[in-house]
Amino acid sequence: MTDDGRTTFAAARRERIMELVRANGSMALRDIATQVRASEVTVRRDVRALEAEGLIDRRRGGAALPGQLGHDQNYAQMTGHNAPQKRAIAAAAARLVDDDDAIALGPGTTAEALARELVGRRNLTVVTTSLPAAEVLSGAPGVEVVMPGGTLRSSIRALVGTATEQALAGLRVRRAFVTGNGVTADRGLSTPNPAVAATDRALVAAAQEAIVLADSSKVGTDTMVQTVPPEQIAHLVTDNRADPEVLMTLEDTGTLVHVAVLDTDRGE
């Protein structure tokens, strides 16, 4: 291949990378490499070049659109993003919930996937700020759903605000399952929006243990507002495509990491 041919091929690949990141907000390098059919080394070089042009922000093990530290993604946009990872994480997280339990469930599409896994439980009480999760569990005969009051944040389809936080302050559950936009060993769980972060902190404060649900695209990613510091994360449930260095560092802080293996990756 001539130098001109290689340059043209690289330009097309980088344009495809930009399309993927625009569509998803952020992506892990491994997932980008799979989509563009290139090695992670090549994709990492492409991401560096795109960052130099101001078109993309590098994250540990991934890439994001510029300004993602403060960008609150729409719920509908996130519904199909990393769906296999979220289903695998939800199935693994459901094993941390017992019949006759009382838990809290925050907002997010991964939390909604966990709600679907809990439909058949018996004598389970679920405190949730998530409208989709409440709707999923509303028809489950063995599950009692408790929703605090508050202000509806339409972008994430969840209740937030002072009224929500005050209602949660009077409750006590065994475990709180929360999601976010990023989780790192340095800052723990984070989200772009202060109101969402404050409500999620109230969910965690109502629980004996905090469990973070984060697919691999969020592991190693940092966003604007800290929700749960790393030392307060009792469990992290993620998928097998997450950056192993970040997972090991989180384990060093005392977090118990659960890794769900995707069906497509079994036997590799």
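The sections below set out a description of the structure shown in this document. Each chain carries its own residue numbering, running from 1 in the written order of its sequence. Confidence filtering applies because this is a predicted model: local features only for residues at pLDDT of at least 70, side-chain atom pairs given and counted only at 80 or more, and all residues used for totals across whole chains, interfaces and linings. Water and hydrogen atoms play no part in the side-chain values, which are based on all heavy atoms of the structure.

**Concerning unusual backbone geometry**
Most peptide bonds take the trans configuration, and most residues that are not glycine carry a negative phi. In this structure, Asp100 is a non-glycine residue whose phi angle is positive, near 65°. Unlike most non-glycine residues, Asn123 shows phi in positive territory, near 50°. The way it works is that DSSP assigns letters per residue, a run of H or I at least four long becomes a helix, a run of E at least two long becomes a strand, and they are numbered from the N terminus. Note on placement: Asn123 falls in the loop between helix H6 (109-117) and strand E5 (124-128). Three exposure classes are used, based on accessible area relative to the maximum for each residue type with a 1.4 Å probe and protein chains only: buried under 20%, partly exposed in between, and exposed over 50%. For Asn123, a relative accessible area of 54% corresponds to the exposed category.

**Side note on the pattern of salt bridges**
By definition here, a salt bridge exists when the distance from a side-chain nitrogen of Lys or Arg to a carboxyl oxygen of Asp or Glu is within 4 Å. One pass over the structure, following the stated rule, counts ten salt bridges. Residues Arg174 and Asp98 are paired through a salt bridge, measuring 3.4 Å at the closest nitrogen-oxygen approach. Pair noted here: Arg174 is in strand E9 (residues 173-178) and Asp98 is in the loop between helix H5 (83-94) and strand E4 (102-105), with a separation of 76 residues, a long-range link. By relative accessible area, Asp98 is classed as partly exposed at 42%. The partner of Arg122 in a salt bridge is Asp99, and the shortest N-O contact between them spans 3.3 Å. One end of the pair, Arg122, is in the loop between H6 and E5; the other, Asp99, is in the loop between H5 and E4, with 23 residues separating them in the sequence. The class for Arg122 is exposed, based on a relative accessible area of 57%.

**Notes on the pairing of E9**
Buried residues dominate E9, accounting for five of its six residues. Summarising the sheet, E4 and E9 pair through three bridges and their orientation is parallel. Across the sheet, the residue bridging to Ala104 is Ala176, located in E9. Here, strands pair whenever DSSP counts at least two bridges between them. Across five bridges, the pairing between E9 and strand E12 (residues 207-213) is parallel. Following the sheet pairing, Phe177 is matched in E12 by Ile211.

**Quick word on the pairing of strand E11 (residues 188-191)**
Where strand E10 (residues 182-184) and E11 come together, three bridges link them in antiparallel fashion. By the bridge assignment for E11, Gly182 is matched with Ser190. Connecting E10 to the next strand, E11, in antiparallel fashion are three residues. Relative to strand E13 (residues 225-228), E11 runs antiparallel, the two being bridged by three bridges. Bridge pairing links Ser190 to Gln226 in E13.

In short, shape yes, function no, at least from these values alone.
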